[in-house]
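Observations on the model geometry
Each chain is listed here by its residues.
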Amino acid sequence: MGLPSLIASAVFILALAPLSAMAATVISVGDGDTLRVEEAGRKLTIRVACIDAPEMAQAPYEQQARQALQALLPIGSTVTLKVQTRDRYGRTVAEVFAPNGANAGLTLVQQGIAFAYRQYLKQCDEWAYLDREKVAERYRLGVWRSAGGIGRPWDFRAARRGSQSQPVARPQRPVNLTIINGGSRPSSGRRWYCRNVGSWEHAQQLLREGHTYLDGDGDGEACEALR
């Protein structure tokens, strides 16, 4: 292979490789998965990676998603972008981390504000996104208030275009349902038992902190006998 071909190949590989994390300042939030930032003097439109928020016509969920993203990433705040690629609309696709270090997309999924975008999950921590979505579905948060959740944004867009979205095969690996409080998993230092928790209220707090084994029957309530 000649030198020109080697150079061309190297450029192509670099174009495909994800960029390192970079800091940027939030200028505006467009909707639940899109924002504008300024980075090193240039303005970028960011598509939050691996999530799909409700479309504008899916009221009131779209507005809730936009407000939730604004709360996580206030205008003027400095965020960290973990860039993956550029989409067909010229937007920079990136995981976005709030000033406190929280993964904004993952947080929205956990809150039931957005869906895990299965078609593009391979670019992120796939199982973390699916796990957080299961938590939101189980507790009927946001888009999951009705059984099965609202119509998926990708299906909504496909219907509007008059086409069918391609079904994405669900992963075969079982999702480990974990209740997460503030983005941390429960400490492995102590395992609680209902007999020594002390009160029903304390049991529910432990459940929210990730001690899911206290909910033996999977009904979303820990240590029912303590009530």
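This text goes with the structure placed above it.
Since the model is a prediction, treat every value here as computed from it, not as a measurement. (Residues numbered from 1 in each chain as written. Predicted model: local features only at pLDDT ≥ 70, side-chain atom pairs only at ≥ 80, totals over all residues. Heavy atoms only, no water.)

1. Points about the overall build of the protein
Within the protein one finds 7 helices and 7 strands. Listing each helix as α and each strand as β along the protein from the N terminus yields α-β-β-β-β-α-β-β-α-β-α-α-α-α. For the protein, buried positions account for 41% of its 227 residues. Long-range contacts, defined as pairs at least 24 residues apart, comprise 59% of the intrachain contacts of the protein with a sequence gap of at least 6. (Helix = DSSP H or I, 4+ residues; strand = E, 2+ residues; numbered from the N terminus. Buried < 20%, exposed > 50% of the residue type's maximum accessible area, 1.4 Å probe, protein only. Contact = heavy atoms within 4.5 Å.)

2. Overview of the packing of aromatic side chains
The geometry of an aromatic ring pair comes down to the distance between the two centres and the angle between the two planes. For the structure on display, the rule yields 4 aromatic pairs. Plain terms: the ring middles of F115 and W154 are 6.0 Å apart, the flat faces sit at 75 degrees to each other, and that makes the pair edge-to-face. With a gap of 39 residues between them, F115 in strand β7 (residues 115-116) and W154 in helix α5 (residues 153-161) connect regions that are remote in the sequence. Among the residues examined, F115 registers a relative accessible area of 1% and is labelled buried. Ring centres 4.9 Å apart and planes at 80 degrees place the aromatic pair Y117 and Y120 in the edge-to-face group. Here Y117 falls in the buried class, since its relative accessible area comes to 10%. (Phe/Tyr/Trp six-rings, centres within 6.5 Å; stacked < 30°, edge-to-face > 60°.)

3. Some words on the pattern of salt bridges
Across all of its chains, the model carries 10 salt bridges by this definition. The residue E39 makes a salt bridge to R42 at a minimum N-O spacing of 2.8 Å. With relative accessibility at 39%, the residue R42 sits in the partly exposed group. A salt bridge links E55 to R160; the nearest nitrogen and oxygen atoms lie 3.4 Å apart. A residue pair is termed long-range when its members are at least 10 positions apart, and E55 in the loop between β4 (51-52) and α2 (61-72) and R160 in helix α5 qualify at 105 residues. (Salt bridge = Lys/Arg side-chain N within 4 Å of Asp/Glu carboxyl O.)

4. What to know about the pairing of strand β5 (residues 78-86)
As paired strands, strand β1 (residues 22-31) and β5 are joined by 4 bridges and run antiparallel to one another. When the bridges of β5 are listed, M22 appears paired with L81. Sheet analysis places β5 next to strand β6 (residues 92-97), joined by 6 bridges and oriented antiparallel. Note on β6: the bridge partner recorded for T80 is F97. What sits between the antiparallel neighbours β5 and β6 is a turn of 5 residues, in which G90 has the positive phi angle 85 degrees. (Pairing = 2+ DSSP bridges.)

5. Considering α5
Within α5, burial applies to P153, W154, R157 and A158. The buried residues of α5 occupy one face: seen down the axis, they fall within an arc of 140 degrees. Residues of α5 that are exposed and angled more than 90 degrees away from the buried face: A159 and R160. Backbone geometry just after α5 places G162 at a positive phi near 80 degrees. (Arc of directions from axis to C-beta.)

6. Side note on the environment of C124
Inspection of the secondary structure puts C124 in the loop between β7 and α4 (126-138). Put simply, C124 and A49 are 75 residues apart on the chain and 7.7 Å apart in space, counted from C-alpha to C-alpha. If we ignore the near neighbours within four places in the chain, the residues touching C124 are A49, C50, Q84, E95 and Y129.

7. With respect to the state of the cysteines
Covalent bonding between the sulfur atoms of two cysteines defines a disulfide. Enumeration according to the criterion identifies 1 disulfide in this entry. Bridging C50 to C124, the disulfide has an S-S length of 2.1 Å. Between C50 and C124, the disulfide has an S-S torsion of 95 degrees and is therefore right-handed. Note that C50 is positioned in the loop between β3 (42-48) and β4 and C124 in the loop between β7 and α4, a separation of 74 residues in sequence. A relative accessible area of 4% places C50 in the buried class. Assessed through its relative accessible area of 13%, C124 is described here as buried. (Disulfide = S-S within 2.5 Å.)

Scope: geometric values only; no functional claims are made or implied.
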